Amino acid sequence: MELFAWMAWTTPVAVFFISVAVLLLGMTVWQIKSPTVARRGFLPLRTTRGDRLFLGLLSAAYINLAWTGLTDLSQWFGAGIALLWLLVVMRWG
Amino acid sequence: MKTYNNKAWLLVLPVVLCVAFSAIVPLMTVVNYSVQDILGPDQKVFVGTEWFKLVMRDPELHEALGRQILFSAAVLAIEIPLGILLALALPAQGWRSSLALVLLAMPLLIPQNVVGTIWQIYGRGDIGLAGAALNGLGLDYNYTGDSMDAWLTVLVMDIWHWTPLIALLAFAGLRAIPEAYYQAARIDGASRLAVFRFIQLPKLRGVLLIGLLLRFMDSFMIYTEPFVLTGGGPGNATTFLSQYLTQKAVGQFDLGPAAAFSLIYFLIILLACFVFYSLLQNAGPTEKAEH
Amino acid sequence: MKKRSFGLILYLIFAILPIYWMVNMSLKTNEEITGALSLWPQHLTFDNFRTILTDPAWYGGYINSLIYVLINTVLSVAVALPAAYAFSRYEFLGDKHLFFWLLTNRMSPPAVFLLPFFQLYSSINLFDTHIAVALAHMLFNVPLAVWILEGFMSGVPREIDETAYIDGYSFPRFFIRIFIPLISAGIGVTAFFCFMFSWVELLLARTLTSVEAKPIVAIMTRTVSAAGMDWGVLAAAGVLTIVPGALVIYFVRNYIAKGFAMGRV
């Protein structure tokens, strides 16, 4: 582990990257089990499941940033809203 | 139709490994830095989203971002039309064409800091041609003292440096238009403007989007040229995002805020990248259908 | 017609004058530079160039730069070729997302990753080697190479692949014997771009080297700050950095238009 000491790992960040990896793995398995079909939802372009995940995660990041920048409330509320938004994009986007 | 075959992954694997090595490991490190206060090699304190809060509310950052957007917008608004005009004016073939292409492409292959050096010399009032000429005309030009002059010098330098890229791309795009299109236009008695509007411009859409993408990204990341030319000054007049970031990370050694800033920067780029890429994808099929 | 050529010539003058001015300065003595302004050297001297070409600290920088740029160009094109083929011929799991991810790397500002890069290459003992700079530059050159090559390859009809496979060619043999010669113009253009972006890059190259592999661009910035302003030598060093680029442009000038027209770029 000495080799990675300079990366200054912390538990939350490790959890974050592990969940990203799990998410990618899960999406791959899902794709093999039942391939996605590009469709048009409320987003202004045709998207596949992977596209919606990317857009959902990207906008979730922006929501979190806006929360940090504009309010002094706990970050957890922002994260909660972002998660809800992600689910909405995945389902109806 | 393309065939579906997952063995293609074997062909892309080398690229994925090469790029992942240089992209993912540093990215993970930056994320780690962004949530900690790093006081020394063995002294780190977890601070959560503190740095993000700090950076999002940093007025200097807002100013740098504003300058950056203004700069990128000016670069695109001038370089793209100018590049198209140059491509239209270039002779189609022969030695004149080769000569003009070679001269035109020269600035592209000059190292970034040398570009800065060239303009640093060129713009000086005492030893530079442009600076001396402008002062000779009675203008009070001094890029090291006056913010407006410095800003304009950086802009002109970027136009000088990168317009040739747009011109080359557009020139290549123009060459790809079959002669038959022009003949048809002549028979219809189309004006020069109509030929441009209805034949040349639609055909150039693909290459111009690539040019737009490359120019937007590179101008958004500009660092070396203004650093050499003005060092970000006078004051903060030419401190763009990269410069501000590097000042923080290297100059003041504020690793945490610099990392948080890096991630925000990355998110902005990612969003812009997605928008341009979607446009590019939509431009692609129509263009292919016409061939 | 007349007006257009006039405009073009005007722009070319604008493009060439700053370069001419540097060449002009490189052939003057420092006294002349800081003295009166003159459009051409009054006392022609090659001392500035002599200084650079006889001092290993100076000319070593050019050699270092050329080494890592060449390693980078060869490696980038070599790994990008099969990948571009895969993207142009096959659909596979996650292909579009992979392509997008590659492009984002072309677009992430190097300034973001400077410090981690330094630590990454130090931790695997590659700091201050040519290969480290070459690998780091692959981050932005490989995606670009894949992008350009994919455009060229899509222009080659698929029937050629199919015929070759029916004739009993194995994939590697087909790829090297038939396919690569077909897109040689595309490879030329790609190599040109890789060369260009690696040659002009300063930030990463400077961060990842200290002595052994220090590129010319870094030597220039440091010498300036250390020795005050030796304008003549600085200008001469700048002129010499343009030479390889000018040679490359001269050789690929015909490819640029032809190659671009064939491919996506």
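Naming follows an unreviewed UniProt entry, where chain C appears as Glycerol transport system permease protein of Chitinimonas taiwanensis DSM 18899.

For chain B, the name recorded in an unreviewed UniProt entry is Glycerol transport system permease protein, with Chitinimonas taiwanensis DSM 18899 as its organism. Heading Subcellular location (unreviewed entry) of the UniProt record for chain B holds this comment: "Cell membrane". The record held by UniProt for chain B lists under Sequence similarities (unreviewed entry) the comment "Belongs to the binding-protein-dependent transport system permease family."

So, on to the packing of aromatic side chains. What the rule picks out here adds up to 35 aromatic pairs over all chains. With a centroid separation of 6.2 Å and an interplanar angle of 90 degrees, the aromatic rings of Phe71 of chain B and Trp151 of chain B are classed as edge-to-face. With Phe71 of chain B in helix 3 (residues 59-89) and Trp151 of chain B in helix 7 (residues 147-175), this residue pair connects regions lying 80 residues apart in the sequence. Across this residue pair, the class does not change: Phe71 of chain B and Trp151 of chain B are buried. When the ring of Phe274 of chain B is compared with that of Phe100 of chain C, the centres are 6.0 Å apart and the planes differ by 85 degrees; the resulting orientation is edge-to-face. Of this pair, Phe274 of chain B sits in helix 12 (residues 255-290) while Phe100 of chain C sits in helix 5 (residues 95-107), placing the two residues on different chains. Exposure remark for Phe274 of chain B: the relative accessible area of 16% places this residue in the buried category. Taking relative accessible area as the criterion, Phe100 of chain C reaches 9% and is therefore assigned buried. Taken together, the aromatic side chains of Tyr85, Tyr90, Tyr165, Phe171, Phe174, Phe175 and Phe179 of chain C make up a single cluster linked through ring pairs. One residue, Lys28 of chain C, lies across the ring of Trp21 of chain C, its end atom 5.3 Å from the ring centre.

With that settled, the discussion passes to the pattern of salt bridges. Residues and elements named next belong to chain B. Scanning the entire structure with this criterion turns up 6 salt bridges over all chains. Between Arg215 and Asp158 there is a salt bridge, with the nearest N and O atoms lying 2.7 Å from each other. Pair noted here: Arg215 is in helix 9 (residues 192-220) and Asp158 is in helix 7, with a separation of 57 residues, a long-range link. Taking the relative accessible area as the measure of exposure, Arg215 reaches 1% and is therefore buried. Classification of Asp158 by relative accessible area gives buried; the value is 3%. Arg186 is paired through a salt bridge with Glu179; the nearest N and O atoms lie 3.5 Å apart. The exposure class of Glu179 is partly exposed, given its relative accessible area of 45%. Within the structure, one salt-bridge network assembled from shared partners comprises Glu79, Asp158 and Arg215.

Each partner contributes residues to the interface: chain B has 22 residues there, and chain A has 21 residues. Buried surface at the junction of chain B and chain A, both sides included, amounts to about 2100 Å², of which 74% is carbon and sulfur. Contact with chain A buries surface across chain B, with Asn32, Leu267 and Phe274 of chain B losing the most and accounting together for 25% of the total. At the boundary of chain B and chain A, one finds 1 salt bridge.

Here helix 5 of chain C is 13 residues long and its end C-alpha atoms lie 19 Å apart, about the 18 Å a rise of 1.5 Å per residue gives. Burial of helix 5 of chain C is extensive: 10 of the 13 residues sit out of reach of the surface.

Attention now moves to the domain arrangement of chain C. Residues and elements named next belong to chain C. Per the domain assignment, the segments of chain C are domain 1 (1-45) and domain 2 (56-262). Between domain 1 and domain 2, the C-alpha centre-to-centre distance is 31 Å. Listed as interface residues are 8 residues of domain 1 and, on the opposing side, 8 residues of domain 2. Taken together, the two surfaces of domain 1 and domain 2 that pack against each other cover about 620 Å², and 78% of this comes from carbon and sulfur. Counting the surface domain 1 buries against domain 2, the share from its top three residues, Met22, Ser26 and Asn30, is 61%. At the junction of domain 1 with domain 2, the criterion picks out 0 salt bridges.

Quick notes on the rules
Residues numbered from 1 in each chain as written. Chains lettered and ligands numbered in written order. Predicted model: local features only at pLDDT ≥ 70, side-chain atom pairs only at ≥ 80, totals over all residues. Heavy atoms only, no water. UniProt positions renumbered as here; feature names shortened; annotations may be inferred. Phe/Tyr/Trp six-rings, centres within 6.5 Å; stacked < 30°, edge-to-face > 60°. Helix = DSSP H or I, 4+ residues; strand = E, 2+ residues; numbered from the N terminus. Buried < 20%, exposed > 50% of the residue type's maximum accessible area, 1.4 Å probe, protein only. Lys NZ or Arg CZ within 6 Å of the ring centre and 35° of its normal. Salt bridge = Lys/Arg side-chain N within 4 Å of Asp/Glu carboxyl O. Contact = heavy atoms within 4.5 Å. Buried area = accessible area lost by both parts, 1.4 Å probe. Expected span 1.5 Å × (residues − 1). Domains from an automatic or database assignment.

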